[in-house]
Amino acid sequence: MSTDGLIVVDKPGGMTSHDVVARIRRLARTRRVGHGGTLDPMATGVLVIGVGRATRLLTYVIGAGKSYTATIRLGQATVTDDAEGDVIATTSTVGVTDDAVRAALAAQTGEIDQVPSAVSAIKINGQRAYKRVREGEILELPARRVTISQLDVRAIRRDAPDVVDVVDVDVEVTCSSGTYIRAIARDAGLALGVGGHLTALRRTAVGGFTLAEAATLDTLEQRAPDVVNLPLAAAAERFFPRRDATGDEARVLGHGGPLDAVGIAGPYAVFGPDGGLIAIVSERDGRARAEIVLAPA
């Protein structure tokens, strides 16, 4: 069985995030596997997988900032806001200038209120939005505050071989958790009056985890069952500020007790004298209290 830890996977297209989790369960020979942030089947790139006790770190991974490269097609709208959905409107892009394209995207930078794509995994009254849409319901999801800190245009192309009169825009995006890149494409198309959807999406980073360290499923297959490339302690040290505890502090914290605050902005990871990870803690009211205890029982 694999050790507790994280795996940075380069997810291939055509698979759901749950498909990847199922494959890792088989390779790692354990059921205790989860992922840190859904990628649509069309999308590729960084998917952080937790194994064993490291699944408890995934709530922090999910909340981390993310980076992407993507291609937006202007001139066509789809039911899903990406290439997996049926085209519902086609509009000529004649007269849509490069400057107008750049302005429509620049308007979506910073803190914005973004309406998620209706065909999404967001739960509405306990049911996934995409399920309700597929059952014929018309949904209007509430806007959510997100931060898009980078939205750079890398290329504007008007030479798509398969479709006449569309504009393809290659972009790089860095954004907060909960941002829908599909919604950026949709809203750019709406602003320009021609419709838009996403034709390609690749996640290049989740927090500090990047494509440079991501392994393909084929590579993991060859390494199985030793598929974890960031053991629990190393993963926590990568993701959180570090605090080293004394032996007495380690015993107190390992049993769920509080420590004295030391002024570290949390959450942060606390390690014992042996280098093992004890807990993820945060400080309030002069005490450092465990959010999750990760030391073996």
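Each chain has its residues counted from 1, following the order in which its sequence is written. A pLDDT threshold of at least 70 governs which residues receive local features in this predicted model, and a stricter bar of 80 or more applies before side-chain atom pairs are shown or counted, although totals over entire chains, interfaces and linings include all residues. Hydrogens and waters are ignored; side-chain quantities use all the structure's heavy atoms.

Draft legend 1. Up close: the sheet that holds strand β15 (residues 242-244). Whether two strands pair comes down to DSSP finding at least two bridges between them. Elements are defined by DSSP. Helices are runs of H or I of four residues or more, strands are runs of E of two residues or more, and each kind is numbered from the N terminus. Read across the sheet, 5 strands follow the order β15-β17-β18-β19-β16 without closing on themselves; strand pairing throughout is mixed. Bordering the open sheet on either side are β15 and β16 (259-260), each of which pairs with just one other strand. In this sheet, strand β18 (residues 277-284) lies alongside strand β17 (residues 268-271) in antiparallel orientation, the contact comprising 4 bridges. In the strand pairing of β18, F271 is matched with L277. Strand contacts of helix α7 (residues 232-239): β15, β17 and β18, with the helix running at about 140 degrees to β17, the strand carrying the most contacts. Across the sheet, helix α8 (residues 247-254) touches β15, β16, β17, β18 and β19 (287-293), and the angle it forms with β18 is around 85 degrees. By definition in these notes, contact holds between two residues if any of their heavy atoms fall within 4.5 Å. Every angle, taken between N-to-C directions, lies between 0 and 180 degrees, and every axis is a line fitted to C-alpha atoms, over only the stretch in contact when it is a helix.

Draft legend 2. The arrangement of the environment of L217 in detail. Within the secondary structure layout, L217 lies in helix α6 (residues 217-223). Separated by 14 residues in sequence, L217 and P231 place their C-alpha atoms 18 Å apart. In contact with L217, other than residues within four places in its own chain, are V9, P12, M15, V20, R23 and I24.

Draft legend 3. The UniProt feature "active site" (unreviewed entry) in the chain, seen in detail. UniProt positions are given in the numbering used here, feature names are shortened, and annotations may be inferred rather than shown by experiment. UniProt feature "active site" (unreviewed entry): in the numbering of this structure it lies at D40. For D40, the position within the fold is in the loop between β2 (33-35) and β3 (44-51). If sequence neighbours within four positions are ignored, D40 has contacts with K11, M15, D82 and R182.

Draft legend 4. Broad picture of the packing of helix α3 (residues 98-106) against helix α5 (residues 181-192). In the contact formed by α3 and α5, the axes pass within 9 Å of each other and the chain directions differ by 125 degrees. With respect to α5, the axis of α3 lies oblique. Between α3 and α5 lies a crossing of right-handed hand. Two secondary-structure elements touch here, α3 through A100, V101, A104 and L105 and α5 through I184, A188, A191 and L192. Residues were grouped as follows: Ala, Val, Leu, Ile, Met, Phe, Trp, Tyr, Cys and Pro as nonpolar; Asp, Glu, Lys and Arg as charged; and all remaining residues, including Gly, as polar. Across the contact of α3 with α5, the residue classes tally to 8 nonpolar, no polar and no charged. These descriptions rest on fixed angle ranges, namely under 35 degrees for roughly parallel, over 145 for roughly antiparallel, 65 to 115 for roughly perpendicular, and the rest for oblique. Whether a crossing is left-handed or right-handed is set by the direction in which the near helix is turned from the far one by less than a right angle, anticlockwise for left-handed and clockwise for right-handed.

Draft legend 5. Expanded view of the nonpolar core. Among the buried residues, those of types Ala, Val, Leu, Ile, Met, Phe, Trp, Tyr and Cys that are joined through side-chain atoms within 4.5 Å form a nonpolar core. Between buried and exposed lies partly exposed: a residue is buried under 20% and exposed over 50% of the maximum accessible area for its type, with that area taken using a 1.4 Å probe on protein chains only. Counting 47 residues, the largest nonpolar core has I24, I49, L105 and V169 as the members making the most contacts within it. Source of the domain bounds: an automatic or database domain assignment. Mapped onto the domain boundaries, this core takes at least three residues apiece from domain 1 (5-64 + 207-233) and domain 2 (66-200). Beyond its immediate chain neighbours, meaning those up to four positions away, I49 contacts G5, L6, I7, V9, V20, V21, I24, V33, G34, H35 and L58.

Draft legend 6. Fine view of the pairing of strand β11 (residues 167-175). Counting buried positions over the 9 residues of β11 gives 7, a clear majority of the element. Bridge count for strand β4 (residues 66-74) against β11 is 9 bridges, and the pairing is antiparallel. The residue bridging S67 from the neighbouring strand is T174, located in β11. Both strand β10 (residues 144-157) and β11 contribute to a ladder of 8 bridges, which runs antiparallel. Of the residues in β11, the one forming a bridge with I148 is C175.

Draft legend 7. Focus on unusual backbone geometry. A cis amide bond links A224 with the next residue in sequence, P225, at an omega value of 5 degrees. Assignment of secondary structure puts P225 in the loop between α6 and β14 (230-231). With an omega of 0 degrees, the peptide bond running from G266 to P267 counts as cis. Inspection of the secondary structure puts P267 in the loop between β16 and β17. A positive phi angle, near 60 degrees, is found at R29, a position not held by glycine. Topologically, R29 is positioned in the loop between α1 (17-28) and β2.

Draft legend 8. Local environment of the pattern of salt bridges. In what follows, salt bridge is the name for a side-chain nitrogen of Lys or Arg lying within 4 Å of a carboxyl oxygen of Asp or Glu. As enumerated under the stated definition, the model contains 20 salt bridges in all. As a salt-bridge pair, E237 and R242 come within 2.9 Å of each other at their nearest N and O atoms. D260 is the salt-bridge partner of R287, the closest N and O atoms lying 2.5 Å from each other. Here R287, found in strand β19, pairs with D260, found in strand β16; they are 27 residues apart in sequence, far enough to count as distant. Connected through shared salt-bridge partners, R23, R26 and E221 make up one network.

Draft legend 9. Examining the packing of aromatic side chains more closely. Note on aromatic contacts: the rings of Phe and Tyr and the six-membered ring of Trp form a pair at centre separations within 6.5 Å, being stacked when their planes are under 30 degrees apart, edge-to-face when over 60 apart, and tilted otherwise. A full pass over the atoms with the stated rule returns 3 aromatic pairs. Geometrically, the ring pair formed by Y60 and F240 is edge-to-face, given 5.0 Å between the ring centres and 85 degrees between the ring planes. Highlighted residues: Y60 in helix α2 (residues 58-62) and F240 in the loop between α7 and β15, separated in sequence by 180 residues. This pair shows no difference in class: Y60 is buried, exactly as F240 is. Throughout this description, the term charge over a ring refers to an Arg CZ or Lys NZ atom that lies within 6 Å of the ring centre and within 35 degrees of the ring normal. The ring of F271 has R242 sitting right over it, with the charged end atom 4.0 Å from the ring centre.

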